[in-house]
Amino acid sequence: MTTSVSHQTRRRRRRKPPQILLCVLLVLLLTLERRSRWGANGDDTREEDKISSTFHHLSGKGQHVRHFSLKHRKIDLTFREGEEEGDGDYENEGYDEDDFGDVAVSQKRRQRRRALKQSSSAGLELNGKARDTGYFYATLLIGTPGHQFEVIVDTGSTYTFVTCYPCASCGQHGSNAPYDAAKSSSYERVPCGSGCIFGNCRASGLCEYDEKFSEDSQVGGHVVSDVIDVGGSLGTPRIHFGCNSLETNMLKTQKANGMIALGRAEAGLHRQLKKKAYPPGSYDGTFGLCLGSFEGGGVLSLGKLPEQHYANFVTRKTHTSTVKLVKGSKSQYYNVEVHRMFVRNTELTKNMGGAELMEAFRAGYGTVLDSGTTYTYLHEDVFIPFISQIEDKVENDHGSNFFRVSGGDPNYPNDVCWRNLNENQQLSESNVNYLFPTFNLTFIGVNEEELPIQFLPENYLFVHPNEPNAFCVGVFDNGQQGSIIGGIFARNTLFEFDDESAQQTVKISPKVDCD
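Residues numbered from 1 in each chain as written. Predicted model: local features only at pLDDT ≥ 70, side-chain atom pairs only at ≥ 80, totals over all residues. Heavy atoms only, no water.

A. Representation of the overall build of the protein chain within the structure. The number of helices and strands found in the protein chain is ten helices and 28 strands. Across the protein chain, the fraction of contacts at a sequence separation of at least 24, relative to all contacts at a separation of at least 6, is 71%. Carbon and sulfur atoms provide 48% of the accessible area of the protein chain, an area that totals close to 21400 Å². (Helix = DSSP H or I, 4+ residues; strand = E, 2+ residues; numbered from the N terminus. Contact = heavy atoms within 4.5 Å. Areas by Shrake-Rupley, 256 points an atom, 1.4 Å probe, with all protein chains shown as cover.)

Spelled out as structure tokens, the structure:
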């Protein structure tokens, strides 16, 4: 819970008469209080306190699971209504002035989403946001007649699945009904053999699967085949997907009743569509993912985007970088090379001691792009200097006006959050991009060149769930397992994946409007 009592006490003290002795005493008390809030009693102890208080969210270290992150971590609390909007000036952060008028914004967003969908083979609008659903999802039709499903878009999963009927242990998923093979005239049974592109052949004669995620959710079932409607020129191709007869924990209780897998595997949706595209060769297996900001939304495009598309969608202040995809220890994931990282103009060094972070970004399973992981998880040798620099710069920029508060989820008491005590400057989604520091990641391109890309504060912050005028850092300590660039990093950033061509790449265009 937040320290609202301390906040009120501090405000009352400032209203008392300015007696010299009392003022001196108050200054000392406030200084001690603030320093204790920041976990610092001196320059020598500050770094030790930060290191000792770093996050350890992943409880299943060393667990043999397909996913290695806390998928869709959701703060399951009642969110405040009617949040105040600020008048943020985005000009210095790469936005156009005309991007943020009420009618103009809606129009631009519709036009850009329409342009993205129409410029590719097919496109699906995305819904959901980190603070409410904890994931981004698309709505599509499966079967004949088409039945609607809300499916999470996940570049870290290797096969698509949906909730099926009958299933005694599956969730209700709101009003989303399960897939019923008996009601689809295009359903086909998938026996063991060549059709078993994921899972294992069992005594039942079916291809069955059982997968456990690191946040302890589990799904299980058998492989089926049916048509899927993704729109555009791709029509309604037939794909293989999982029919869940087992769901536990978060994958059972969430509203979404399925998942689109876009991982680097044969059963990935994009790879299946490439094989089934008609006429042959009409779809090249590439896809683009553009996630919305704090208000959610976005677009999933299927197909390579033409060059003229950027004039319609990517703003004039955005630079597109072509980053090389590399093979990590787990070949089904989208790994990239990161050599350097900056918070504003300060380059991070391992343990603040001078060694480069390149090896830390390569450690464990490397650095992975995973849209299905809500937040970002960094190797501890990257996380420690990152969070230290964020704290330092927030303190230097705002001093005691930014007050440290506890996180909104009791399961994660060490979340780094701030509340703005300046009543004349409320923190909101529209102004955090110039009140918090930006950061840069230096990726490696196809010619081994360094490609620095600047990201905005919206790519690491999330709205505090129950504390007004407060935001939290959505980047966490991942121990020594590796680094995961999650969905929060992809806010208003267009990622175009191409692992089917000779030069396997991901194009990254930051500072676009993906809402």
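Now, onward.
B. Structural context of the sheet that holds strand β16 (residues 346–347). One open sheet accounts for four strands, arranged β16-β15-β21-β22; its pairing is antiparallel. Pairing within the sheet leaves two strands with one partner each, and these edge strands are β16 and β22 (450–455). Examined bridge by bridge, strand β15 (residues 338–343) and strand β21 (residues 439–444) share five bridges and lie antiparallel to one another. Looking across to β21, one finds that V343 is bridged to F439. (Pairing = 2+ DSSP bridges.)

C. Just the packing of aromatic side chains, in detail. Under the defined criterion, the tally for this structure stands at 23 aromatic pairs. The interplanar angle of 75° and the centroid separation of 5.6 Å between the aromatic rings of F294 and F471 together place this pair among those described as edge-to-face. One end of the pair, F294, is in the loop between β11 (287–291) and β12 (298–302); the other, F471, is in strand β24 (residues 470–473), with 177 residues separating them in the sequence. Judged by relative accessible area, F294 falls into the buried class, the value being 3%. The exposure class of F471 is buried, given its relative accessible area of 1%. With a centroid separation of 5.0 Å and an interplanar angle of 50°, the aromatic rings of Y375 and F462 are classed as tilted. (Phe/Tyr/Trp six-rings, centres within 6.5 Å; stacked < 30°, edge-to-face > 60°. Buried < 20%, exposed > 50% of the residue type's maximum accessible area, 1.4 Å probe, protein only.)

D. Looking closely at helix α6 (residues 269–276). What α6 keeps buried is the set L269, H270, R271, Q272 and L273. Looking at the packing, one finds that the buried side of α6 touches β8 (218–229), β9 (238–248), β10 (258–261), β11, β12 and β14 (334–336).

E. Inspection of the pattern of salt bridges at higher detail. Summed over the entire model, instances satisfying the criterion amount to 17 salt bridges. Of the charged contacts, one joins E391 and R404 as a salt bridge, the two residues approaching to 2.9 Å between their closest N and O atoms. In this pair, E391 sits in helix α9 (residues 380–398) while R404 sits in strand β19 (residues 402–405), placing the two residues 13 residues apart along the sequence. Overall, E391 belongs to the buried group, its relative accessible area being 6%. One network of salt bridges, in which partners are shared, links R264, R271, K274, D499 and E500. (Salt bridge = Lys/Arg side-chain N within 4 Å of Asp/Glu carboxyl O.)

F. Here's a closer look at the side chain of D226. By the element assignment, D226 lies in strand β8. Of the side chains with opposite charge, R238 comes closest to the buried, unpaired D226, at an N-O distance of 4.7 Å. Within the structure, D226 has its side chain in polar contact with the side chain of Y179 (distance 2.6 Å). Apart from the residues within four sequence positions on either side, D226 is in contact with I142, G143, T144, Y179, S184, S186, Y187, P237, R238, I239 and F241. (Lys, Arg positive; Asp, Glu negative; His and termini not counted. Polar contact = N/O pair within 3.5 Å; in protein donor to acceptor, adjacent residues only side chain to side chain.)

G. Examining unusual backbone geometry more closely. The step from T144 to P145 runs through a cis peptide bond, and the omega angle for that step is -5°. Tracing the backbone through its elements, the reader meets P145 in the loop between β2 (137–142) and β3 (147–154). Here Y165 and P166 are connected by a cis peptide whose omega angle stands at 0°. As for its position among the elements, P166 is in the loop between β4 (161–163) and β5 (188–189). At H173, a position not held by glycine, the phi torsion is positive, near 55°. Phi at N249 is positive, roughly 50°, even though this residue is not glycine.

H. Examining the environment of A267 more closely. With respect to the secondary-structure elements, A267 resides in the loop between β10 and α6. For A267, a relative accessible area of 2% translates into the label buried. Placed 107 residues apart in sequence, A267 and T160 show a C-alpha to C-alpha distance of 7.6 Å. Ignoring sequence-local partners within four residues, the contact set of A267 consists of T158, Y159, I197, F198 and Q272.

I. Main features of the confidence of the model for the protein chain. When the pLDDT values of the protein chain are averaged, the result is 77; 73% of them are 70 or greater. Taken as a whole, residues 1–27 scores under 50 in pLDDT and shows 23 contacts with residues more than four places along the chain or in a different chain. Residue range residues 29–106 is modelled with pLDDT below 50. Its contacts to residues more than four positions away, or to other chains, number 194 contacts. (pLDDT = per-residue confidence, 0-100.)

J. Region of interest: the sheet that holds strand β20 (residues 417–420). Pairing within the open sheet is antiparallel, and its four strands lie in the order β19-β20-β24-β23. Both outer strands of the open sheet, β19 and β23 (461–463), are each paired with one neighbouring strand and no more. If you compare each strand with its neighbour and ignore which way they point, the axes differ by 35° on average. Relative to β24, β23 runs antiparallel, the two being bridged by three bridges. If you follow V463 over to β24, its bridge partner there is F471. (Axes fitted to C-alpha atoms, helices over the stretch in contact; angles between N-to-C directions.)

K. A look at the nonpolar core. If you look at the biggest cluster of nonpolar residues, it comprises 78 residues, and the most contacted ones within it are F386, F436, L441, F443 and V473. Apart from residues lying up to four places away in sequence, F386 is in contact with M341, V343, L348, L378, Y460, V473 and V475. Counting residues in each nonpolar core, the second largest holds 17 residues, with C207, Y209, F213 and V219 among its members. (Core = buried A, V, L, I, M, F, W, Y, C linked by side-chain atoms within 4.5 Å.)

L. Expanded view of the pairing of β9. One ladder, built from three bridges, connects β4 with β9; its direction is parallel. Across the sheet, the residue bridging to F161 is G242, located in β9.

M. Geometry of α9. Between its first and last C-alpha atoms α9 spans 27 Å; for 19 residues at 1.5 Å apiece the expected length is 27 Å, and the two agree. Most of α9 is tucked away: 17 of the 19 residues are buried. Following α9 by one or two positions, G399 adopts a phi angle in the positive range, close to 55°. (Expected span 1.5 Å × (residues − 1).)

N. Structural view of the pairing of β15. Burial analysis of β15 places five of its six residues in the buried class, the great majority of the element. The pairing of β15 with β16 spans two bridges and is antiparallel. Bridge pairing links V343 to T346 in β16. A loop of two residues connects β15 with β16, the two strands running antiparallel in sequence, and R344 in this loop sits at a positive phi of about 55°.

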